[in-house]
Amino acid sequence: MGVHAARAGTFDPNLGGPEGFDKWAVDSMIIHPSEAYGTHNTISKIWDKFRNTFIVSAGLFRFAPIFSEYVREFLLSSIKDGIMYVETRIGFRPKHMMAQMGKRMYHIVNGSSC
């Protein structure tokens with residue numbers, strides 16, 4: 001199911017509807033202090049939480065417009081924080097990325113049609 005469909009019509013209104021979906025998505029990709037020091041206060045629990053952030057974010061990072069904005073914001077916030085050297089460890093894999101309108105980036109980059 002696409003994120004638009006999940007957000008717009010299928011996220012239970014009792015859980016906050018579209019705004020509740022947005023909150024869930026963001027909270028799923030953040031480790032809050034209350035989790036680090038409370039509910040996920042062991043090495044095993046916090047690593048599980050960390051690994052689970054990738055389950056939610058994987059689909060977002062494979063969508064080229066979101067990915068490029070993420071990289072841009074990451075670099076700008078690093079500069080703003082005074083960081084002068086960064087090892088991003090970002091996987092630039094156009095073969096697995098989607099452009100707008102559902103076209104695979106690999107085919108756009110390599111000039112083939114899909």
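Residues numbered from 1 in each chain as written. Predicted model: local features only at pLDDT ≥ 70, side-chain atom pairs only at ≥ 80, totals over all residues. Heavy atoms only, no water.

Caption draft 1: Seen up close, helix α2 (residues 17-28). For α2, with 12 residues, the first-to-last C-alpha span of 16 Å sits near the 16 Å given by 1.5 Å per residue. Listed in full, the buried residues belonging to α2 are Gly17, Gly20, Phe21, Ala25 and Ser28. An end-on view of α2 places all buried positions within 135° of arc, on one side of the element. α2 presents Glu19 and Lys23 as exposed residues on the side facing more than 90 degrees away from its buried surface. (Helix = DSSP H or I, 4+ residues; strand = E, 2+ residues; numbered from the N terminus. Expected span 1.5 Å × (residues − 1). Buried < 20%, exposed > 50% of the residue type's maximum accessible area, 1.4 Å probe, protein only. Arc of directions from axis to C-beta.)

Caption draft 2: Structural view of the pattern of salt bridges. One pass over the structure, following the stated rule, counts 5 salt bridges. A salt bridge links Lys23 to Asp27, with the shortest nitrogen-to-oxygen separation between them at 2.5 Å. Here Asp27 and Lys23 lie together in helix α2, a separation of 4 residues that amounts to about one turn. Assessed through its relative accessible area of 53%, Lys23 is described here as exposed. The partner of Glu73 in a salt bridge is Arg72, with the nearest N and O atoms 3.2 Å apart. (Salt bridge = Lys/Arg side-chain N within 4 Å of Asp/Glu carboxyl O.)

Read these as spatial facts, not as claims about activity.
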